[in-house]
Amino acid sequence: MAGGFAQYLSLAVCQVAAYTVARMAVCSRHGLSAVKNLSISMSRKVSGPEIEHVVKLLARLPGLGPRSARKAALALLKKRNELLLPLSQALATAVEKIVDCPVCGNLDTLSPCSLCQDPRRDQSLIVVVEEIGDLWALERASVIKGLYHVLGGHLSPLDGIGPDKLNIAGLIERAGSGEVKEVLLALNATVEGQSTAHYVTEQLEPTGVVVSRLAQGVPVGGELDYLDEGTLAAAIKSRRRV
Ligand SMILES: [Zn+2]
């Protein structure tokens, strides 16, 4: 049933796209081209180079393939005043004003960023994350009162990503400033994330700060029957008294 519905949905989107392209042609050409365009398949180019350029740029975004990019472009083009124009203005402002924080690696319009400048934050705690998206996720949860440090990825020798490609030197420098007491490694629970955590822990050893990691185990609201063996083993290993 799900496959059938998905197929129907996909067909419907294709029909809407083809119809919209045809309508755009009617507006510009006022003629039989509308009928002609209705028969154009989705695999062939259905729009001018400007629109194709928008589609190609959108397709570079994570999570968007060519088909999704075309759908997104179509949605933007159909709502030019309500969506496309405000988005283009917001992007232009972002290009002009947003900078990398030289301290933690976050993105902001301030330099250092608003998190680094916040005096209410615990200056003795640095939370290390792989990507800015991880920082934003922790901030959404409002669970961190300290400062952050974005590594910019994880170690991956097969991809040519060594320690020099990550912002590890900056972390060691901050940790050795004397004000920092603890570094919490909030890295992904993947092989790469954990090997990065191991390397960073070794590098931090001379600074004398306490190095901690996130707990691993049963997620909030999780049912044991649905957990994999690795997660269950981590939960047992990290058990604590109640
Ligand atoms: Zn910052």
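Description of the structure in this document. Nothing here was measured: the structure is a model prediction, and the numbers come from that model.

## A look at the overall build of the protein
Check the secondary structure of the protein and you find 10 helices and six strands. Here the protein holds 242 residues, and 30% of them are scored as buried. Contacts in the protein between residues far apart in sequence, at least 24 positions, make up 45% of those at least 6 positions apart. Surface accessibility of the protein: about 16500 Å² in total, with carbon and sulfur atoms responsible for 59%.

## Some points on the coordination of the zinc ion
Only Cys101 (SG), Cys104 (SG), Cys113 (SG) and Cys116 (SG) from the protein coordinate the zinc ion, and they sit 2.3 Å from it. Here the zinc ion is ringed by four donor atoms whose angles at the metal span 105 to 114 degrees, and the overall shape comes out tetrahedral. If you list the donors of the zinc ion from N- to C-terminus, the spacing comes out as C-x2-C-x8-C-x2-C. Look at Cys104 and you get buried, because its relative accessible area is 1%.

## Looking at the pattern of salt bridges
Counted under the stated rule, the structure contains four salt bridges. One salt bridge connects Glu139 with Arg121, and the closest N-O pair in it is separated by 2.7 Å. Taken as a pair, Glu139 in helix α7 (residues 132–141) and Arg121 in the loop between α6 (114–117) and β3 (122–129) lie far apart in primary sequence, 18 residues in all. Of the residues examined, Glu139 reaches a relative accessible area of 24% and is grouped as partly exposed.

## Some remarks on the side chain of Asp108
By the secondary structure assignment, Asp108 is in strand β2 (residues 107–108). Buried within the structure, Asp108 lacks any salt-bridge partner; Arg121 is the closest side chain of opposite charge, at an N-O distance of 9.9 Å. Within polar-contact distance, the side chain of Asp108 engages the side chain of Ser114 at 2.8 Å. Asp108 has contacts with Lys97, Ile98, Val99, Cys113 and Ser114, leaving out every residue within four places of it along the chain.

How each quantity is defined
Residue numbers run consecutively from 1 along every chain, following the written order of its sequence. The predicted nature of this model means local features are confined to residues of pLDDT at least 70 and side-chain atom pairs, given and counted, to a pLDDT of 80 or more, with totals for whole chains, interfaces and linings taken over all residues. With hydrogens and water set aside, each side-chain value is computed from the structure's full complement of heavy atoms. Comment: elements are numbered from the N terminus, with helices defined as DSSP H or I runs of at least four residues and strands as E runs of at least two. The classification of residues rests on relative accessible area computed with a 1.4 Å probe and restricted to protein chains. Under 20% of the type maximum is buried, over 50% is exposed, and intermediate values are partly exposed. What makes two residues a contact is simply this: any of their non-hydrogen atoms within 4.5 Å. Computed by Shrake-Rupley with a 1.4 Å probe, the accessible areas treat only the displayed protein chains as cover when residues are assessed. Listed donors are limited to N, O and S atoms within 2.8 Å of the metal, widened to 3.2 Å for Na, K and Ca; water is not among them, so incomplete-looking sites are possible. In these descriptions, tetrahedral denotes four donors with every angle between 85 and 135 degrees, square planar four donors and octahedral six donors with opposite donors over 155 degrees apart and the rest between 65 and 115, and irregular any other case. Salt bridge, as used here, is a side-chain nitrogen of Lys or Arg placed within 4 Å of a carboxyl oxygen of Asp or Glu. In summary, the charge assignment counts Lys and Arg as positive and Asp and Glu as negative, without counting His or the chain termini. Any pair of nitrogen or oxygen atoms within 3.5 Å is treated as a polar contact; in protein, a donor-acceptor pairing is required on top of that, and neighbouring residues in sequence qualify only through side-chain atoms on both sides.

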